[in-house]
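The residues making up each chain are set out below.
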Amino acid sequence: MHQELTYKLAQCCSPKAGEDIIGYFKEDGTVTVHRSDCASVQQLRLERLLEVTWSEIHAAEKTTDIETEDSTFNKLDDVDYLILKHHQEYGLDYSIVVSEMLGLPLEETYDHHRKLRELGGLKRVEKRMIQYRKNIVKGKWIKHRNHTYYELTPKGDRWIHSFEAKTETVSSQNKGVKRDA
Ligand SMILES: [Zn+2]
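Rules and cut-offs
- Residues numbered from 1 in each chain as written.
- Predicted model: local features only at pLDDT ≥ 70, side-chain atom pairs only at ≥ 80, totals over all residues.
- Heavy atoms only, no water.
- Buried < 20%, exposed > 50% of the residue type's maximum accessible area, 1.4 Å probe, protein only.
- Helix = DSSP H or I, 4+ residues; strand = E, 2+ residues; numbered from the N terminus.
- Donors = N, O, S within 2.8 Å, 3.2 Å for Na, K, Ca; no water.
- Tetrahedral: all angles 85-135°; square planar, octahedral: opposite > 155°, others 65-115°.
- Core = buried A, V, L, I, M, F, W, Y, C linked by side-chain atoms within 4.5 Å.

(A) Representation of helix α3 (residues 95-102). All buried positions along α3 are accounted for by Ser95, Val97, Val98 and Ser99. The positive-phi residue at the C-terminal boundary of α3 is Gly103, with phi of around 65 degrees.

(B) Inspection of the coordination of the zinc ion at higher detail. Protein coordination at the zinc ion comes from Cys12 (SG), Cys13 (SG), His34 (ND1) and Cys38 (SG), with a distance range of 2.1 to 2.4 Å. Seen from the zinc ion, its four donor atoms lie at angles of 98 to 117 degrees, and the figure they make is tetrahedral. Of note, the donors binding the zinc ion are all from one chain and are spaced C-C-x20-H-x3-C.

(C) Main features of the nonpolar core. Leu76, Ile83, Leu84, Leu116, Leu122 and Trp159 are the most contacted members of the largest nonpolar core, which has 16 residues in total. When residues of this core are traced back to their parent elements, those giving at least two are α2 (78-90), α4 (106-119), β9 (149-152) and α5 (154-180). The leading source of residues in this core is α2, at four residues. Membership of the second largest hydrophobic core comes to nine residues, among which are Leu5, Tyr7, Trp54 and Ile57.

Here is the structure:
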């Protein structure tokens, strides 16, 4: 059976793909990857040194990424989707406006903004970088300060696509059911 390992590239020699490498196995299941000629490898305990290949390191990274992405996506609900869509359409915005436009209680909007930021689908935008924001209602550029602005991240954008792919699958399945009936 193959044990689940986490690989970390050592800071001392920061090995690059293709270079000769060696792994040092730690108690917690982490393998620190060094260049074979790294000086600090000489001081490590021999019985913990492992042969490692770049292909197994890359395979492990891929698995971890996919799992993390899927499990965070499953934590999202329909309101999260609406909020992500809002930011996709209007760009950066703050909770009060999002709450008004989506007709959500403000507290709830704060909670969702916080949650989406913690999961990585939105990011906070530094206030000093913002000078003007387009007023959605009047189409004028007005100055805003003292708000926490949020903006969609590439991850949030992928979630929108995942949501829409999921919805499409469901509606085409429904059509299929009707046709059969
Ligand atoms: Zn090293």
